[in-house]
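Architecture and fold: a report
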Amino acid sequence: MALKYTWGQRDPDSFQMTAAIRNLRENPRFLFTRLPNILSFLCIVIGVAWLLLLPLDDNSRRTYISENALLPGQVHAYFTGSEQNIFRGYKQELQTLLNEDRETEDQEAEVEVTPAASNKVHSILQAAGLKVATQKYEYTSAGITHQGENIYGIIHAPRGDATEAIVLVAAWKTADDELNLKGVTLALTLARYFKRWSLWSKDIIFLFTPDSKTGTQAWIDAYHDLHPESVQPLPLKSGALQGAVVIEYPFEHHFQKLHIVYDGVNGQLPNLDLFNTAVAIAGGQMGIGANLQEMWEHNDSYEARLQTMMRGMTKQGLGYATGAHSSFMPYHIDAITLQPKGEGWEDEMALGRTIESMCRSLNNLLEHLHQSFFFYLLMHSNRFVSIGTYLPSAMLIAGNFTIMAIALWMRTGYYPESKPDTPAGEKSKSEKSSKTGAQKIEKAVKVNETALPERLMALPLTLVTGLHLLGLVPLWTFNNIFHQYFTTATYIFVVVDIVLPLFLAALLSNGLGVSKPIIPQQYLLIKSFALLLLGLSLSTLATLNFSLSFMIGLLCAPLSFIGRLQGPAALRYGISTLGLVLLNLLSPPIVLLGVCWYTGVSVETVLTQAAFGWDVWGMWTQVVVWCVWWPAWLIGCVQLGSSIF
Amino acid sequence: MTTFGFLSLLLALAVTLWSSYASASSDYHEQLFLQPLPQSSLLASFNFRSNTSQQAFDNQHFRYFPRALGQILQHAHTKELHLRFTTGRWDAESWGPRPWGGSKEGGTGVELWAWIDAPDDDEAFGKWIALTQSLSGLFCASLNFVDSTRTTRPVVSFEPTGDHQDVDGLHLLHGTLPGEVVCTENLTPFLKLLPCKGKAGISTLFDGHKLFDAAWQSMSVDMRPICTSDGDCVVQIEQTIDMVLDVERSKRPRSNPIPRPLSNELLACDTSKPYNSEDTCFPLEKGADAAWSISEVFGRTLTGVCPLTGSDGTQEHSVCLRVPHEKQVFITEGSTEIKKEDGFTRCFDPAPVQPFDLSIPEQTVDIPVPREEPILYAERTIVGHGQERGGMRIIFGNPSNTTAVDFILFESLPWFLRPYIHTLQATITGRDGIPTEIAASDLVTSTFYRPAIDRERGTQLEIALSVPAASTVTLTYDFEKAILRYTEYPPDANRGFNVAPAVIRILNVENSAPVYIRSTSLLLPLPTPDFSMPYNVIILTSTVIALAFGTVFNILVRRVVSVDEAAALGAQSLKGRLLGKLVAIRDRFRSKETKVE
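1. Describing the overall build of chain B
- Looking only at helices and strands, chain B features 12 helices and 28 strands.
- By the compact-globule yardstick of 25 Å for 597 residues, chain B is too spread out, its C-alpha radius of gyration being 33 Å.
- Counting over 597 residues, chain B shows a buried share of 36%.
- In chain B, the share of contacts with a sequence separation of at least 24, taken over all contacts with a separation of at least 6, comes to 73%.

Dropping the structure here:
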């Protein structure tokens, strides 16, 4: 009925609506200056609020096993009884060898594996009937050399044809740099135990790496023949890898809960089914609770969920490897680390049974894990949000830059101030136009429509492109200099970040000495292009690494609202100086220093880790920082700085 | 009594006549060869061979030759046939060279090649399709999926093993199904081809549960004509089953197949360790070969001898065992043991009707059976990652310190794997472990390459190579993955596409028997659309259509009327009118009755 009515005769509401639209069109100052600001601000506020609403019951979902073939916890695990005697035997053997070697070669490296222990692993695997091979590797990053030797053994699937495989990894040094003696021993015992079973449909590879950072990376690269020169190729291979589980057990006492680590390099995540399987087996079958994101006490409240999600987002955003499993993710191999935590009643055999049950589940797979989500945020061991629900948050924040960029672009071709006039004349005109009646403005607009000002784009385009390319300089520097210079380089960059915008602003205001002085339209165009690129990059990034896009988006949020200031000189100087100081607090190096100060980690450690990530893991967080964030920030500073000159 | 005596006499006569005829024109042999292998494995090699004269074969006088197969071969004009069913992989590093020099073995899955008599290629292909379709039915295998994309015509990799009069008129066709799972449904038809059909002789040992629990097993059927110099031809059919059993696994009783942890007392521990105690045990891996017997490993005993076994004087024993002569072997009473001169082989003749068993207790001997080294090691894997491109890496290892190995590498690749032959590269690694990159042309002596045509035929690549002594050659080439149409994906769970194993034929072997090696098959992941999405869409639209159709149909067909209208409506039809009349008549009678009362 209402529809009919609207069509038939216009109601007062629709009249009001048209009137409002007409008013808007007749008020370009509001349309091009105020409205974009309001929209952009709303985007940011809604984006942040959206994220904060995610942990609510209505916005998140309970996890579930999507892949039917996995059947977690449906099999009886037989890893008990006398297998524990063998576990103790292997452990004693390795412990003795480690102690002997330590005595002979000083006690400099407590957690390093010794060659004798390494050889023992080799011989135990061989005695258990596995095909064993070794691989030496060496990486150099930031002047530090990392080298080691991987040992791996393959159980051939009894009736298999070497087309698929599962990997079990035990690193001698855990992700927290502890000696993983019991983890290695457990893997050895499992290798001997698994060999007896004939039900494996996939090969099982047992990989022993000297540490959790380099070993798996070298191995997985070589497995796909994509390794650098300094890494040896693998002499022995199997089929396509379907999944990987990393075993850690770096202490002597019994444990209470399992901590599941799942973050990969560059924020890639394993299929949610793998995580769910681990939770279902640990919790449902074995009666061991599962933790994630170092949330030891999780009461499933809003705060706890939000905190878990934020920790996950921080790790995802920074994009570093959180354990030996992380290196598998870029090759589309789903992997997790199982870490026993706390003091309780569960012993190594319970962990062994969990792993046995996981291997049985993975063994059931008919296809590569693909059913469940690859993009998700976990907030509890059985609660998550998927990409469809959380993505709008980062997209809105990225969208605010695009809205502003489009508005600025339109403003340069529409608003009277874009006319190549002197700033003073333009200002008075704009003031006048806002004061005078609607008719007069209509006239002015008509005049403008007939003679649209030409956009002078050469300088803005060159400047924006140039500054983005300039980002390659810090990118190269922070990835290639020696680690002892990292702190100095950071401080140098703080200074550069203060000086460079002012220098550029002065240069632009004085016309670079060669051309005519830069006009206001060009300032707007520079800002428009910079924001356009930022919005484009961040919205693309949001689909790949949501958290990184969100963090950078928030840090860049002020850039939408700052520009060249006008007004009395004293006020201008004051505000722009204050603005520059505040903006400098948000510059990449200062943010880095601030975070380091807050967390108590040295700048050198963080940057060494970052350079290592770039060199070894293929981490590209730095690219986003130096080629997306830094240029956008720099242009914002130049805009603000130009008010001074 | 007399009738029985007469019958038995007749039977005896028939048997005598028949056996004399058999020895003249056809014969049948079967042999089981057992060889313990390292890592407590046992190689069991079954061989069944029979000859039929060409004349009898042509006249469809099938005696030992299975009629079902014979008629198929005649219908498809197949002169020589080789069919292989294989699962698992041969572990050359531990087990040494393959049985029969690899010539009775196929790649993983099913492999078939045949020489077909036809005037031209098209007709040969037509007959080949007829052959694969018929064999598919006979062996319960998906051989009917060997279409033009899976058929190749190898040029140098295979040569006929039989004696053919007109070799030029024969066409060799070769097809593989690497994804085929070989199982009991293939074993049953295989056994039915045997003259004794698994009822007597060595074929009684075939138990699907044990055979398909083997670490590696291969079934083969070979048919070929053999001619003597004076022109007498026989058609020979040879069936073999080779398998490697894990002794420990096979010995587990069927009632308790789960390898539970042993009880503490049964653990073999290294007592020399200082920490050895009741709850700590460093396991002692067994030095001696495990004890086994035929009844334990195969789950049953050998029942007698197949009575059709040839009596043409050749000394072939039905069971042979390759262990050192010092080793103690116990056999069932009534059977005879013959030790061969080489010091490692002994053969047994089981008694005709008794069950035969053979057992070897656990023992260590001073002189083990000499371990032979394979002529060549080969390994093939897919490298690289991603949905678009990949690479193939083939490693050849020559263990010999003195002689180079010449061989032919035969690859038949599916069309959706497009190799870039120009990227063919070779790396040679000596014993010192330093790799040197060399031009592939330095190793490759000749190449035969037939590029693929999309959806019509696959790539065929035959490369003649030579690997120098004491070195390892790594051959690599890149390939591109094609994007399939969504209907081209098989309806099964999508684990990837199987790429057929490479066949390697070794050339410089002195004796006449050809030596073959097959690599493992490969799994090629292709870009896969999200199949569940169309599925969901179909389900949703179907539901919507069903609902809409149901409602609309109901509205169109059903008429909603009140109760009194319904009676009137019913009255209009013929049936209604008739019913109305009947009711009226009945009412009349009833009213009369009531009146009477």
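2. Some remarks on the overall build of chain A
- Each helix and strand counted, chain A has 22 helices and 11 strands in total.
- Counting every position in chain A, which comprises 645 residues, the buried fraction comes to 50%.
- Considering only residue pairs separated by 6 or more positions, chain A has 81% of its internal contacts joining residues 24 or more positions apart.

3. Considerations on the domain arrangement of chain B
- In terms of domains, chain B is made up of domain 1 (32-255 + 268-360), domain 2 (377-527) and domain 3 (533-596).
- One C-alpha centre belongs to domain 1 of chain B, the other to domain 3 of chain B, and the line joining them spans 70 Å.

4. A short note on the sheet that holds strand β23 (residues 459-467) of chain B
Residue and element names in this part refer to chain B.
- Strand order across the open sheet formed by five strands is β22-β23-β19-β26-β27, with antiparallel pairing between neighbours. With partners counted over all chains shown, the strands left at the sheet margins are β22 (444-450) and β27 (515-518), one partner each. For this sheet, the mean angle separating the axes of adjacent strands, direction not counted, is 15°.
- Where strand β19 (residues 405-413) meets strand β26 (residues 503-506), four bridges bridge the pair, whose relative direction is antiparallel.

5. Details of the environment of Asp117 of chain B
Residue and element names in this part refer to chain B.
- With respect to the helices, strands and loops of the structure, Asp117 is situated in strand β4 (residues 109-117).
- Classification of Asp117 as partly exposed rests on a count of 17 C-beta atoms within 10 Å.
- Separated by 238 residues in the primary sequence, Asp117 and Pro355 place their C-alpha atoms 45 Å from one another.
- Look past the residues within four positions of Asp117 in its chain and what remains in contact with it is His77, Lys79, Gly169 and Leu170.

6. With respect to the domain arrangement of chain A
Residue and element names in this part refer to chain A.
- Assigned domains within chain A: domain 1 (68-381) and domain 2 (391-413 + 455-642).
- A separation of 40 Å is found between the C-alpha centroids of domain 1 and domain 2.
- Each partner contributes residues to the interface: domain 1 has 19 residues there, and domain 2 has 18 residues.
- Broken down by secondary-structure element, the contributors of at least two residues to the side of domain 1 that touches domain 2 are β2 (131-141) and α9 (302-318).
- Take the side of domain 1 that touches domain 2: its biggest share by element is four residues, from α9.
- Grouping the constituent residues of the side of domain 1 that touches domain 2 by class yields nine nonpolar, 10 polar and no charged.

7. A short note on the pairing of β23 of chain B
Residues and elements named next belong to chain B.
- Buried residues dominate β23, accounting for seven of its nine residues.
- Where β19 meets β23, nine bridges bridge the pair, whose relative direction is antiparallel. Across the sheet, the residue bridging to Ile408 is Ala464, located in β23.
- Note that β22 and β23 share six bridges and pair antiparallel. If you follow Ser446 over to β23, its bridge partner there is Ala464.

8. A few points about helix α6 (residues 181-195) of chain A
- In this model, α6 of chain A (15 residues) spans 22 Å end to end at C-alpha, consistent with the 21 Å of a helix rising 1.5 Å per residue.
- Of all 15 residues in α6 of chain A, 14 are buried; the element is thus mostly enclosed.

9. Re the interface of chain B and chain A
- Taken together, the contact between chain B and chain A spans 38 residues of the former and 34 residues of the latter.
- Secondary-structure elements contributing two or more residues to the side of chain B that touches chain A are β3 (78-88), β17 (377-383), β18 (389-397) and β28 (522-524) of chain B.
- Its residues assigned to classes, the side of chain B that touches chain A shows 15 nonpolar, 15 polar and eight charged.

10. Some words on the environment of Gly96 of chain B
Residues and elements named next belong to chain B.
- Its location among the elements puts Gly96 in the loop between α4 (92-95) and β4.
- Sequence-wise, Gly96 and Pro38 are 58 residues apart; in three dimensions their C-alpha atoms are separated by 9.4 Å.
- Once you skip the residues sitting within four places of it in the chain, Gly96 turns out to touch Arg371, Glu372, Glu373 and Pro374.

11. A look at the environment of Glu238 of chain B
- With respect to the secondary-structure elements, Glu238 of chain B resides in strand β8 (residues 233-246).
- Apart from residues lying up to four places away in sequence, Glu238 of chain B is in contact with Asn47, Arg49 and Asp222 of chain B.

12. Considerations on the nonpolar core
- The biggest cluster of nonpolar side chains holds 208 residues, and the ones touching the most others in it are Ala187, Ile247, Ile260 and Ala278 of chain A.
- Take this core: its biggest share by element is 14 residues, from helix α22 (residues 621-642) of chain A.
- Look past the residues within four positions of Ile260 of chain A in its chain and what remains in contact with it is Phe275, Ala278, Val279, Ala290, Leu292, Ile336 and Leu338 of chain A.
- In this structure, Ala124, Ile237, Leu245 and Phe356 of chain B belong to the second largest nonpolar core, which totals 79 residues.

13. A short note on the confidence of the model for chain A
All names here are of chain A.
- Per-residue pLDDT for chain A averages 87, and the proportion of residues at 70 or more is 89%.
- Here helix α12 (residues 423-435) stands out as the least confident element of chain A, with mean pLDDT 41; strand β5 (residues 203-209) is the most confident, with 96.
- In this model residues 1-8 is a low-confidence stretch, pLDDT under 50, and it forms three contacts with partners more than four residues away in sequence or in other chains.
- In the predicted structure, residues 417-450 sits below a pLDDT of 50 and forms 31 contacts with residues beyond four places in sequence or in another chain.

14. Description of the sheet that holds strand β5 (residues 151-152) of chain B
Residues and elements named next belong to chain B.
- Spatially, β5-β6-β4-β3-β7-β8-β2-β1-β11-β14-β13 is the arrangement adopted by the 11 strands of the open sheet, whose pairing is mixed. Of all strands in the sheet, those bounded by a partner on one side alone are β5 and β13 (336-339).
- Where strand β1 (residues 27-37) meets strand β2 (residues 41-53), 11 bridges bridge the pair, whose relative direction is antiparallel. The residue bridging Glu30 from the neighbouring strand is Phe48, located in β2.

15. Considerations on the packing of helix α11 (residues 387-412) of chain A against helix α18 (residues 546-556) of chain A
All names here are of chain A.
- Where α11 meets α18, the axes come as close as 9 Å, and the angle between the chain directions of the two elements is 35°. Here α11 runs over α18; the crossing is left-handed. Each of Tyr390, Leu391, Ser393, Ala394, Ile397 and Ala398 in α11 lies in contact with α18, whose residues at this interface are Phe546, Ser549, Phe550, Gly553 and Leu554.

16. Here's the deal with the pairing of strand β3 (residues 144-155) of chain A
Residue and element names in this part refer to chain A.
- Relative to β3, β2 is paired through 11 bridges, and the arrangement is antiparallel. Paired with Tyr137 across the bridge in β3 is Gly148.
- In sequence, β2 turns back onto β3 through a hairpin of two residues, with Ala142 there showing a positive phi of about 50°.
- Here five bridges tie β3 to β5, and the two strands are oriented antiparallel to one another. Bridging across to β5, Ile155 finds its partner in Ile204.

17. A short note on unusual backbone geometry
- Despite not being glycine, Ala142 of chain A has its phi angle at roughly 50°, a positive value.
- Structurally, the position occupied by Ala142 of chain A is in the loop between β2 and β3.
- We note that Arg455 of chain B has phi near 65°; this positive angle belongs to a residue other than glycine.
- Tracing the backbone shows Arg455 of chain B in the loop between β22 and β23.
- Classification of Arg455 of chain B by C-beta neighbours within 10 Å gives partly exposed; the count is 13.

18. A word on the confidence of the model for chain B
Residues and elements named next belong to chain B.
- Scored by pLDDT, chain B has a mean of 85; 92% of the residues are at 70 or more.
- Here residues 1-25 is a poorly scored stretch, pLDDT under 50, and it has six contacts once near neighbours within four places are set aside; other chains count.
- Per the prediction output, this complex has pTM 0.86; the corresponding ipTM is 0.82.

What counts, and where the lines are drawn
- Residues numbered from 1 in each chain as written.
- Chains lettered and ligands numbered in written order.
- Predicted model: local features only at pLDDT ≥ 70, side-chain atom pairs only at ≥ 80, totals over all residues.
- Helix = DSSP H or I, 4+ residues; strand = E, 2+ residues; numbered from the N terminus.
- Rg over C-alpha atoms; globule rule 2.2 N^0.38 Å.
- Buried ≥ 20, exposed ≤ 12 C-beta atoms within 10 Å, placed from the backbone.
- Contact = placed C-beta atoms within 7 Å.
- Domains from an automatic or database assignment.
- Pairing = 2+ DSSP bridges.
- Axes fitted to C-alpha atoms, helices over the stretch in contact; angles between N-to-C directions.
- Nonpolar A, V, L, I, M, F, W, Y, C, P; charged D, E, K, R; others polar.
- Expected span 1.5 Å × (residues − 1).
- Core = buried A, V, L, I, M, F, W, Y, C linked by C-beta atoms within 7 Å.
- pLDDT = per-residue confidence, 0-100.
- Left-handed = near helix turned anticlockwise from the far one by under 90°.

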